[in-house]
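Chain by chain, the residues:
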Amino acid sequence: MRNNETVRIPVATGGAIVATVFEPSVADAVLVLHPATATPQGFYASFAGYLADNGIATVTYDYRGTGLSGHPRDHRDLGMRDWIGVDAPAVAAWAGQRFPGLPRLALGHSLGGHVIALGAAGTDLAASVIVASHIAAIHTIPSRMERFRVRLLLHLLGPLAGRFYGYVPARRLGLGENLPSAAMAEWGGWARMDNYFFDDPSMRARERAASLTGPVLAVGTSDDPWSTPRQMDALTTHLTSADVERRTYTPAAAGVPMIGHHGLLRRSMREAVWPELLAWLHTHAAKATR
């Protein structure tokens, strides 16, 4: 048996984060699931419920200005650095207070993996999983057509729409949830750089990534158009103080036609992939309690 509860987590700089707690009757660990850009927390409900049904209390949430955490127009000045540096730590701290004494775990999808890599998911983690997270520079996208599409969205259509509407209507653009204008601008700016935010001195990304310790499982797919295995490795190579394990899943091995950037956390992977992630998390949570 488990209980699902919606909570509001106040943020010191203003506003609140809406989160969902998937709580088992008996929890062995607590995990915060840090979401991808423009991906609502509801997308992760099946995976979060699966973890909770297997003893891991799981917290999902929306960054401020996305999903349930406020309209993007009301948070138009929030950048991705605010999500990484303010929102994610606030949820991680809240989860630790809600479940004191339990081993703390983190899973980050895409942008959420950047949260973990930059140490914003907490410094006392028993283990972390990074899913489809990479050096998100546009020049690294293998497909010429996909590079053109992303440039069009990030550097032309998105910014123009942001100025006109006061936020970025990402749903209309095929990017997922609507976004604050500043988040789109920062995303586009980093995407122009050769090494994404590692080339932004204000982020101190190399220093922060080098300070992450503990076991990290970095998983991706062979058919992800953005987070290729090579670009995942380009991110994890900065985790010089962590014990990084890499896995790449293929559609053939998973028994599906395609997986892509979001597929590992879709319900279709419940039998092929989720048990492996669960076993890895349980193993490291158990080590933390010895």
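Everything discussed here concerns the structure shown above.
Structure report, in brief.

So, how was this worked out
- Sequence positions are assigned chain by chain, starting from 1 and proceeding in written order.
- Reporting of local features is limited, given that this is a predicted model, to residues whose pLDDT is at least 70; pairs of side-chain atoms are given and counted only at 80 or more, and all residues count toward the totals for whole chains, interfaces and linings.
- For the side-chain quantities, the full set of heavy atoms in the structure was used; hydrogens and water were omitted.
- Fitted lines through C-alpha atoms serve as axes, helices being fitted only where they are in contact, and the angles separating the N-to-C directions of these axes extend from 0 to 180 degrees.
- By definition, any uninterrupted DSSP run of H or I lasting at least four residues is a helix, any uninterrupted run of E lasting at least two residues is a strand, and each is numbered from the N terminus.
- Oblique is the label for any angle not covered by the other classes, which are roughly parallel (under 35 degrees), roughly antiparallel (over 145) and roughly perpendicular (65 to 115).
- Take the far helix as the reference: if the near one is turned anticlockwise from it by less than a right angle, the crossing is left-handed, and if turned clockwise, right-handed.
- When checking whether two residues touch, look at their non-hydrogen atoms; a contact exists if any pair is within 4.5 Å.
- Gly is placed with the polar residues, together with every amino acid not listed as nonpolar (Ala, Val, Leu, Ile, Met, Phe, Trp, Tyr, Cys and Pro) or charged (Asp, Glu, Lys and Arg).
- Think of a salt bridge as a Lys or Arg side-chain nitrogen and an Asp or Glu carboxyl oxygen that are within 4 Å of each other.
- Think of a 1 Å grid over the protein atoms and nothing else: a 1.4 Å probe that fits but is trapped marks a cavity, an open set flanked by protein within 12 Å on at least five of seven lines marks a pocket, and residues with an atom within 4 Å of a point count as lining.
- Grid points are joined across faces, edges and corners, and a volume is the space filled by probe spheres set on the points.

### Quick look at the packing of helix α4 (residues 144-165) against helix α6 (residues 181-192)
The packing of two helices is summarised by the inter-axis angle and the distance between the axes.
Okay, step 1: With their axes 10 Å apart at the nearest point, α4 and α6 run at an angle of 160° to one another. The angle between α4 and α6 falls in the class roughly antiparallel. Here α4 and α6 pass one another in a crossing that is left-handed. Touching Leu 153, Leu 154, His 155, Gly 158, Pro 159 and Gly 162 of α4 are Ser 181, Met 184, Trp 187, Gly 188, Ala 191 and Arg 192, all from α6.
Okay, step 2: Here the residues of the contact of α4 with α6 are counted per class, giving 6 nonpolar, 5 polar and 1 charged.

### Digging into the pattern of salt bridges
Okay, step 1: This structure, assessed with the given rule, holds 14 salt bridges.
Okay, step 2: Overlapping salt bridges bring together Glu 5, Glu 23 and Arg 98 as one network.

### Re the layout of surface pockets
Any empty space left between atoms is shown by rolling a water-sized probe over those atoms.
Okay, step 1: Its boundaries defined by the atoms lining it, the largest pocket holds a volume of some 490 Å³.
Okay, step 2: Put simply, the parts of the chain that give the lining of the largest pocket at least two residues each are α3 (111-117), α4 and α6.
Okay, step 3: Here the lining of the largest pocket gets 4 residues from one element, more than from any other, and that element is α4.
Okay, step 4: In the lining of the largest pocket, the residues fall into 17 nonpolar, 9 polar and 1 charged.

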